[in-house]
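Secondary and tertiary structure notes
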Amino acid sequence: MGRRRIFLLLALVMWLPMVHPFRFPGLSVTSSVQALHDRIENLPSGANILVSFDFNPGTKAELEPQARAILRHAFKRRLTVLVLGLWPDGWGMTQRIVRDCAATAKLPVKEGRDFILLGSQLGDLNVSLGLGQDIAAVFPRDARGIPLADIPPLRHIRTLKDMHLIVSLGAGEPGPVTWVMFAGDRYRIPMAAGTTSGNVSALQPYVQGGQLLGLVSGMKGAAEYEMLTKEDGSATRGMDSLTLGAFLLIGLVLLANVNDWRKGRS
Amino acid sequence: MTLPWEQFLGGWVAAGLTLCIFSFLYEDNPFYKIAEHLYVGASLGYLLVQALFQTLIPRWWEPLVQDPHHWELLVPAGLGILLFCRLSPRTAWLGRWPIALLMGYTAGVTVPYLVASQVFQQVQGTIQPLVRMKPEQGLSVVDLSTAGLWADFSALLLLVGVVTVLAHFFFTVERKGPVKAASRLGMLFLMVGFGASYGLAVQGRFALLYDRFVDLKEFGMPSYRHASVVLAGLLVGCLVVLRLRRRA
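What counts and how
- Residue indices begin from 1 for each chain and proceed along its sequence in written order.
- Following the order in which they are written, the chains are lettered starting with A and the ligands numbered starting with 1.
- Confidence filtering applies because this is a predicted model: local features only for residues at pLDDT of at least 70, side-chain atom pairs given and counted only at 80 or more, and all residues used for totals across whole chains, interfaces and linings.
- Numbered from the N terminus, helices here are DSSP runs of H or I no shorter than four residues, and strands are runs of E no shorter than two.
- Using C-beta atoms placed from the backbone, we call a residue buried if 20 or more other C-beta atoms fall within 10 Å of its own, exposed if 12 or fewer do, and partly exposed for counts in between.
- Note on contacts: each residue gets a C-beta atom placed from the backbone, and two residues are in contact if those atoms are within 7 Å.
- Radius of gyration: C-alpha atoms only; globule rule: 2.2 Å multiplied by the number of residues to the exponent 0.38.
- Helix axes are fitted to C-alpha atoms over the stretch in contact, other axes to C-alpha atoms as well, and angles between N-to-C directions run from 0 to 180 degrees.
- For classification purposes, angles smaller than 35 degrees are called roughly parallel, those larger than 145 roughly antiparallel, those between 65 and 115 roughly perpendicular, and all remaining angles oblique.
- Put simply, a crossing is left-handed when the front helix is turned counterclockwise from the back one by less than a right angle, and right-handed when it is turned clockwise.
- For this classification, the nonpolar set comprises Ala, Val, Leu, Ile, Met, Phe, Trp, Tyr, Cys and Pro, the charged set comprises Asp, Glu, Lys and Arg, and every other residue, Gly included, is treated as polar.
- Residue count minus one, scaled by 1.5 Å, sets the expected span of a helix.
- The reported arc concerns the directions from the helix axis to the C-beta atoms and nothing else.
- One axis fitted to the seven residues ending at a residue, another fitted to the seven starting there: the angle between these axes is the bend at that residue.
- Think of pLDDT as the predictor's per-residue confidence, scored from 0 to 100.

**Focus on the overall build of chain A**
From N to C terminus, chain A includes 10 helices and 6 strands. Burial analysis of chain A (266 residues in total) assigns 47% to the buried set. Of the contacts made within chain A by residues no fewer than 6 positions apart, 73% connect residues no fewer than 24 positions apart.

So this is what it looks like as structure tokens:
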């Protein structure tokens, strides 16, 4: 089979569930997604969490659904969410995602009260280390240009040590590993991460080592989180296409191997 | 519903560029090249502007202009300018100073955290206790539940995997007897690891493809005046013309 036919077949197979969704059964929640969900669920109302968007539009397909699911959950739990980014080219996208989540939240969510967009900074480890000493020194103003001292929740949040949880959604470096090394491990702050499917194996040892309490992996992880929060989000809708695509690929690999084996025998 | 003009235009541009990139799956063509070069240029330009307005102006320029006593800010600026000296072979040696400073600072700050996070903590995570107590029922009650036994199995598997993979990379010991067996088992673990990584990477690529399809579907809606459909038709037409001209 020529490669063009394979591309066409893959496109058809992945497009089909977008027209006629049929929801594959059997999606189960992994323990690391459950752990993150439970931590957010059990935080008291008004607790502070920091969500770091450490990705750019190149990996938004996998990380945006995760970000939306986690933010919706945090807003629902009435947590104070601080948002920043270590990848400057993803900051425009970050603001759009957060403000859109706030606008579509079931409860009224207000910028400056329920969430604060701190900004984006270059200098990975310096940002994490600086935030550990003084947030206002690293981000003197929020994304709207308001000094942090004039934002009510930030009168009580001075450093990373005032955070109850840090969630880094990252596609590489700087990202979750930076946060684990310079914030989670250093200040003993509970940490969780969301990452792309391709990056999971690099972060799994941190779960094993107890440095990450939870890890959300790719679009499947986002779908699991949506399942826990009982929301029908974009990741849940995408799982049909991903599953069919994977089935097609497995089928083609098997077919090619059988074909090779038959050729070898003849 | 009428869309704001910038969103409408953005939809047409996004749909057009996505289709131009997809056209590479048929064959290499000028539309793909245009989209590829635009992507590289726009990404770099956007990153530069973001770095300028998010970091350089608020963190360096504004403090310097607002308070002239911040003279210490001139030091990193001077070191940054020295980096450009590398462009000329005669002044390239000046560029070594900021690089040396960066390397020394980064290594000094990073190494202690790196050892703590990536060596000690992870070695600790590799060695899990096989006998698990049930604290809620008293410290002497051993956890023999299915979950507890499964955790024991996982801990053992992890330990065997780490030890045998390390054995696979012992090149100073002759590979015979138990070392050979451990090395082969380690290779099997590595193969499983590579297979799982490949599978996960494919899953990630499928997610990217799905995301593009979702956008194309949205831009094919009447609110965007069927941008995806119109542009796909135009692109196919152009590719056919190109092919015919090449044959002629």
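Right, picking up where we left off after that structure.
**A closer look at the overall build of chain B**
If you tally the helices and strands in chain B, you get 7 helices and 0 strands. Ordering the α and β elements of chain B from the N terminus gives α-α-α-α-α-α-α. Relative to a compact globule of 248 residues, whose C-alpha radius of gyration would be 18 Å, chain B shows 29 Å and is clearly more extended. Along the longest, intermediate and shortest principal axes, the C-alpha atoms of chain B span 75 × 60 × 50 Å. Counting every position in chain B, which comprises 248 residues, the buried fraction comes to 10%. Long-range pairs, those at least 24 residues apart, make up 36% of the contacts in chain B between residues at least 6 apart in sequence.

**Observations concerning the packing of helix H10 (residues 234-265) of chain A against helix H6 (residues 178-219) of chain B**
The N-to-C vectors of H10(A) and H6(B) enclose an angle of 130°; their axes lie 10 Å apart at closest approach. As far as their axial angle goes, H6(B) and H10(A) are oblique. Between H10(A) and H6(B) lies a crossing of right-handed hand. Here Gly238(A), Ser241(A), Leu242(A), Gly245(A), Ala246(A) and Leu249(A) of H10(A) come into contact with H6(B), specifically with Val202(B), Gln203(B), Phe206(B), Ala207(B) and Tyr210(B). Looking at side-chain class alone, the contact of H10(A) with H6(B) contains 7 nonpolar, 4 polar and no charged residues.

**A short note on helix H7 (residues 227-247) of chain B**
One turn of an α-helix holds 3.6 residues; hence residues three or four places apart share an orientation. Residues and elements named next belong to chain B. Taking 1.5 Å of rise per residue, the 21 residues of H7 would be expected to cover 30 Å, and the 30 Å separating its terminal C-alpha atoms lies within 8% of that figure. Those residues of H7 not exposed but buried are Ala 227, Ser 228 and Leu 231. Mapping the buried residues of H7 onto a view down its axis gives an arc of 80°, with all of them on the same face. Residues of H7 that are exposed and point more than 90 degrees away from the buried face comprise Gly 233, Gly 237, Val 240, Val 241, Leu 244 and Arg 247. Buried positions along H7 lie against helix H1 (5-22) and H6.

**Here's the deal with the environment of Leu44(B)**
Residue and element names in this part refer to chain B. Mapping Leu 44 onto the fold places it in helix H2 (residues 30-66). Here Leu 44 falls in the exposed class, since 11 other C-beta atoms lie within 10 Å of it. Between the C-alpha atoms of Leu 44 and Trp 150, which are 106 residues apart in sequence, the distance is 49 Å.

**Some words on unusual backbone geometry**
Cis rather than trans, the peptide bond between Glu173(A) and Pro174(A) has omega equal to -5°. If you trace the backbone, Pro174(A) turns up in the loop between strand S4 (165-170) and helix H7 (176-187). Phi angles above zero are rare outside glycine, and Arg78(A) is one such case at about 60°. In this fold, Arg78(A) is placed in the loop between helix H3 (60-76) and strand S2 (80-85). Phi is positive for Arg225(B), close to 55°, though the residue is something other than glycine. With respect to the element layout, Arg225(B) can be found in the loop between H6 and H7.

**Considering the interface of chain A and chain B**
At the junction of the two partners, chain A supplies 38 residues and chain B supplies 35 residues. When residues of the side of chain A that touches chain B are traced back to their parent elements, those giving at least two are helix H1 (3-19), H3, strand S3 (115-120), H7, helix H8 (200-208), helix H9 (218-228) and H10 of chain A. Top contributing element to the side of chain A that touches chain B by residue count: H10(A), with 6 residues. A breakdown of the residues in the side of chain A that touches chain B according to their chemical character gives 18 nonpolar, 15 polar and 5 charged.

**Remarks on the packing of H1(A) against H6(B)**
Axis separation between H1(A) and H6(B) bottoms out at 11 Å; the angle between their running directions is 50°. In terms of orientation, H1(A) lies oblique with respect to H6(B). Both H1(A) and H6(B) take part in a crossing whose hand is right-handed. Only Leu209(B), Tyr210(B), Phe213(B) and Lys217(B) of H6(B) make contact with H1(A), whose side of the interface consists of Met14(A), Trp15(A) and Met18(A). Of the residues that constitute the contact of H1(A) with H6(B), the class distribution is 6 nonpolar, no polar and 1 charged.

**Overview of H10(A)**
Residues and elements named next belong to chain A. Taking 1.5 Å of rise per residue, 32 residues should cover 46 Å, and H10 covers 47 Å from first to last C-alpha, within 8% of that figure. Of all bends in H10, the biggest is about 25°, found at Asp 240. Looking at H10, one finds that the buried residues are Ala 235, Thr 236, Gly 238, Met 239, Ser 241, Leu 242, Leu 244 and Gly 245.

**Focus: the confidence of the model for chain B**
Residue and element names in this part refer to chain B. Across chain B, the average pLDDT comes to 89, with 94% of residues at or above 70. For chain B, helix H5 (residues 146-168) is the element with the lowest average pLDDT, namely 86, and H1 is the one with the highest, namely 95. In the model output, the complex is listed with pTM 0.89 alongside ipTM 0.90.

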